[in-house]
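Per-entry structural report
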Amino acid sequence: MEGNMRQGQKGKLAVGYLLTTLLLLGCWGSTGALPKYGLGYNPQREKLGIPTIPTNWTLQDIGKFIDCFDPNPNQKAPHRLAKRIFLENGAISREVDTFYSGTNFYYPPERLTLPQEISIQYDYAPASKGNPWKAYADLSADERLKPVSIGEARRILATWGLRKSDVGGGPPG
Amino acid sequence: METKKNNNPVHHAAACAAGILLVWACSAQPAFSFYDPNTGRWLSRDRLEDPTQPSYGLLANDPNNDVDYLGQVSLKQIKGLITDSVTGSADAIFNFLQNHPPTPREISALNKLLPPLKRKAAGIFDVNTSTMTWRDIIFDWFFELGNTPFEFKDKDKTTEDLKKHEGVNDARDLAKKRCAEGKPETEKTWRYGVDQFYQSLSSADSIAIALGSYSVSVKASSDCCQFEFSVLNDSGWESATRFRKAATPGGTHQGIIPDRARNTPGIQLGGTMKEHWTWKETCDKDKKENSQ
């Protein structure tokens, strides 16, 4: 009887050790890009007109990219969904901001209900490669993944009621 | 029987398992008749057959289209059994998930374990649209890798495969026909129904397995000699676990797991991923003129 109890305790301890090890491994795997290109990079983002990362957001370092998102969004209201920061050889290469209108649309060909979304990308590659900004609007069954100008994307986001602090200053001029 | 729709890899695995089990179970039976694989017919009458019925009664008297592989059940019945086992299992999983939703604490604990796994996956699966394979698309969806929407261009690996796929071939033929009738725009959806599901398994059709149903838009030039193709697909849980019930007219499919956008609350796996392929095709003008 006592032996069984001891065995049970040992089992629980083993599970505890396993979970702790996995959690530690999760922390240990961080590449160190988080402090540099996370909140620490916000001043640079402000200069470029890219949306900054709010201080209350969750940040996850996945190695080749960093995911930033609101841990408790109001899912029925228009809101800024997430930012994904892409890294190449440890340096920032691109970031993508996604916004959600709070409503969905039905897409008959795939018989799916999809969220109305706008995504804005900024490419950190040298300016010689052309316009660093790119935007897509996924608003209705007739306008799937429509490429839009950054100005048009910002205009739509304003109609959703999103503030400048959410959307960023945008490109100069 | 309702037509079942399916899009992605999760239920394919379940269906494969069910199919393999069924084939294994059936192959464990002793042979009931002598079967000639060259003609697809039985050399002797089935001992279990009702002697009062015509020879091919079990096959609805259509031995050419409904081959009796095992001497006991028809292909349609086998398909029905697999479908029922998959949908039955899916229904049980759906009911279990409805009655036992994971608690926020459990979701949070699971999400804390995911980043190292995703880091590993990011090192294995390609997110470069030029070189990605169909397998990469499936795993990029599952581990939420890369940048959605994925924009694929002409000469990209998957674009070149897609150009030859049944859905695109059908859309191309239709676009040419419509253009000749003065209609420059064509929309065609390739549906992934039960028959396509079995075909994709038997022919290892990786495009169908990765995409499921997809829609093709074609815009033709005024001389019907240049065609702009656009293929759209959304990869998400809803379509991946959709084998449970077919869509109601105008409604949505009822998958086992509902769709979830990337980086929204919930388990951080399988957030909806969007894929878009575009390319142009030009006809051989000399050939066209000669044929006129």
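Residues numbered from 1 in each chain as written. Chains lettered and ligands numbered in written order. Predicted model: local features only at pLDDT ≥ 70, side-chain atom pairs only at ≥ 80, totals over all residues.

With that out of the way, let us pick up the confidence of the model for chain B. All names here are of chain B. Taken over all residues, the pLDDT of chain B has a mean of 76, while the share at 70 or more is 68%. The model gives residues 1-35 a pLDDT under 50, and that stretch makes 79 contacts with residues more than four places away or in other chains. Segment residues 45-50 is flagged for pLDDT under 50; beyond a separation of four residues in sequence, or across chains, it makes 11 contacts in the model. Predicted as a complex, the structure gets a pTM of 0.73 and an ipTM equal to 0.78. (pLDDT = per-residue confidence, 0-100. Contact = placed C-beta atoms within 7 Å.)

Attention now goes to the interface of chain A and chain B. Across the boundary between the two partners, chain A contributes 29 residues, which contact 26 residues of chain B. Mapped onto the side of chain A that touches chain B, the elements with two or more residues apiece are α1 (2-28), β1 (58-61), β2 (65-69), β3 (79-88), β4 (91-107), β5 (112-123) and β6 (133-138) of chain A. A per-class count over the side of chain A that touches chain B returns 16 nonpolar, 5 polar and 8 charged. (Helix = DSSP H or I, 4+ residues; strand = E, 2+ residues; numbered from the N terminus. Nonpolar A, V, L, I, M, F, W, Y, C, P; charged D, E, K, R; others polar.)

Attention shifts here to unusual backbone geometry. Residue and element names in this part refer to chain B. The omega torsion across T148 and P149 is 5 degrees, close enough to zero to call that bond cis. In this structure, C224 takes a positive phi of about 55 degrees despite not being glycine. Residue class for C224 comes out partly exposed when judged on the 18 C-beta atoms lying within 10 Å of it. (Buried ≥ 20, exposed ≤ 12 C-beta atoms within 10 Å, placed from the backbone.)

Hydrogen bonds between backbone atoms are what pair the strands of a sheet, whose relative direction is either parallel or antiparallel. All names here are of chain A. Sheet architecture is open: 7 strands sit in the order β1-β2-β3-β4-β5-β6-β7, paired in antiparallel fashion. Since the sheet does not close on itself, it has two edges, and those belong to β1 and β7 (146-148), each with one partner. Neighbour-to-neighbour, the strand axes of the sheet open up by a mean angle of 20 degrees, direction not taken into account. Sheet topology places β1 next to β2; 4 bridges connect them, and they run antiparallel. The residue bridging T58 from the neighbouring strand is F69, located in β2. (Pairing = 2+ DSSP bridges. Axes fitted to C-alpha atoms, helices over the stretch in contact; angles between N-to-C directions.)

With that settled, the discussion passes to the sheet that holds strand β4 (residues 185-190) of chain B. Residue and element names in this part refer to chain B. Strands sit in the order β3-β7-β6-β5-β4 across an open sheet of 5 strands; the sheet is mixed. Both outer strands of the open sheet, β3 (150-152) and β4, are each paired with one neighbouring strand and no more. Shown here is a sheet whose adjacent strand axes are inclined to one another by a mean of 15 degrees, direction ignored. Sheet contacts for helix α6 (residues 166-180): β4, β5 (214-220) and β6 (226-235); angle to β4, the most-contacted strand, approximately 155 degrees.

A separate point is the pairing of β6(B). All names here are of chain B. Within β6, 7 of the 10 residues are buried, which leaves it mostly tucked inside the rest of the structure. One ladder, built from 6 bridges, connects β5 with β6; its direction is antiparallel. Of the residues in β6, the one forming a bridge with K219 is E228. Here β5 folds back onto β6 in antiparallel fashion, the turn holding 5 residues, of which C224 has a positive phi close to 55 degrees.

Residues and elements named next belong to chain A. Within β3, 7 of the 10 residues are buried, leaving the element largely enclosed by the surrounding structure. The sheet contact formed by β2 and β3 spans 5 bridges and is antiparallel. Within β3, the position partnered with F65 by the bridge is F86. Bridge count between β3 and β4: 9 bridges; the pairing is antiparallel. When the sheet's bridge partners are listed, K83 is paired in β4 with D97. Count of turn residues in the β3/β4 antiparallel hairpin: 2 residues, of which N89 carries a positive phi of about 50 degrees.

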